[in-house]
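Read off the chains here:
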Amino acid sequence: QKRKKKGTVVEPEVDMTEIAECIDLLDRAFKFVQGLNLKSHPGHLLGNATVGVSRMLVSLGDVKSMKFGASWAEKVREYFSYGFEGNGMVKVVDSLLNAWKRKAGDEKEEGTNDQDRKKSKIFP
């Protein structure tokens, strides 16, 4: 929840312990559902929670967290591709799967621009 303070937005602090506990519980739930050997995909029961965890991890913004978020999105990609939840969720999952690639590309491009600026200072 964001709070406004004299015209500025204050971001809440992220509790990494709570995030880790949620991920651990979701992992246990996946193993439990898979152990039931149901005919339906585990994403049918855990798809929305999995997308939520993936979104949260991607929102942390570092490539390592984004890759971990993509690994969670991958667990339900097949289920959402069946179309039971609509095209919107397919797009969300695809976006989560590729977010780290865009971020890594941006960082690589930013590094290249920094190098170009350094070269231009050396060689006018």
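Presented here is an overview of the structure given in this document. (Residues numbered from 1 in each chain as written. Predicted model: local features only at pLDDT ≥ 70, side-chain atom pairs only at ≥ 80, totals over all residues. Heavy atoms only, no water.)

**Examining helix α2 (residues 42-59)**
An α-helix turns once per 3.6 residues; consequently, residues spaced three or four apart project the same way. Condition: Runs of H or I in DSSP of at least four residues are treated as helices and runs of E of at least two as strands, each being numbered from the N terminus. To estimate the expected span of a helix, count its residues, drop one, and scale the result by 1.5 Å. In this scheme, the bend at a residue equals the angle between the axes fitted to the seven residues that finish there and the seven that begin there. When a residue's accessible area, from a 1.4 Å probe over protein chains only, is under 20% of the maximum for its type it is buried; when over 50% it is exposed; and in between it is partly exposed.
With 18 residues, α2 extends 24 Å between its outermost C-alpha atoms, agreeing within 8% with the 26 Å of an ideal straight helix rising 1.5 Å per residue. The largest bend in α2 amounts to roughly 45° and is located at Asn 48. By the burial criterion, the buried members of α2 are Pro 42, Gly 43, Leu 46, Gly 47, Thr 50, Val 51, Val 53, Ser 54, Leu 57 and Val 58. Positive phi shows up at Gly 61, right after α2, with a value of about 95°.

**Quick word on the pattern of salt bridges**
Spelled out, the test is: Salt bridges, as used here, are contacts in which a Lys or Arg side-chain nitrogen is within 4 Å of a carboxyl oxygen on Asp or Glu.
Tallying each qualifying case throughout the model produces 4 salt bridges. The partner of Lys 31 in a salt bridge is Asp 27, with the nearest N and O atoms 3.3 Å apart. Taken together, the positions of Lys 31 and Asp 27, both in helix α1 (residues 16-35) and 4 residues apart, correspond to about one turn of that helix. Here Asp 27 falls in the partly exposed class, since its relative accessible area comes to 21%. Here the salt bridges do not stand alone but share partners, grouping Asp 27, Lys 31 and Lys 75 into one network.

**Let's talk about the nonpolar core**
For clarity, the cut-off: We call a set of buried Ala, Val, Leu, Ile, Met, Phe, Trp, Tyr and Cys residues a nonpolar core when their side-chain atoms join them within 4.5 Å. Whether two residues touch is decided by their heavy atoms; if any such pair falls within 4.5 Å, the residues are in contact.
By size, the foremost hydrophobic cluster in this structure holds 23 residues, and its most contacted members are Val 51, Trp 72 and Phe 80. Top contributing element to this core by residue count: helix α3 (residues 63-81), with 7 residues. Beyond its immediate sequence surroundings of up to four residues, Val 51 is in contact with Val 76, Phe 80, Met 89, Val 92, Val 93 and Leu 96.

**Some details on the packing of aromatic side chains**
What describes a pair of aromatic rings is the distance from one ring centre to the other and the angle between the planes of the rings. We count it as follows: For Phe, Tyr and Trp, where Trp contributes only its six-membered ring, two rings pair if their centres lie within 6.5 Å, and the inter-plane angle classes them as stacked under 30 degrees, edge-to-face over 60, or tilted in between. Both a distance and an angle decide whether a charge sits over a ring: NZ of Lys or CZ of Arg must be within 6 Å of the ring centre and within 35 degrees of the ring normal.
Per the stated rule, a full pass over the model turns up 5 aromatic pairs. Judged by centre distance (6.5 Å) and plane angle (75°), the rings of Phe 68 and Trp 72 are edge-to-face. Of the two residues, Phe 68 and Trp 72 both sit in helix α3, 4 residues apart, roughly one turn of that helix. Given a relative accessible area of 3%, Trp 72 falls into the buried group. When the ring of Tyr 79 is compared with that of Phe 84, the centres are 6.0 Å apart and the planes differ by 35°; the resulting orientation is tilted. Overall, the relative accessible area of 3% leaves Tyr 79 in the buried class. On the basis of relative accessibility, which here comes to 62%, the residue Phe 84 falls in the exposed class. Joined through ring pairs, the aromatic side chains of Tyr 79, Phe 80, Tyr 82 and Phe 84 make up one cluster. The positively charged end of Lys 75 is found above the aromatic ring belonging to Phe 30, 5.3 Å away from the centroid. The residue whose ring lies beneath Lys 75 is Trp 72, and the NZ or CZ to ring-centre distance is 4.1 Å.

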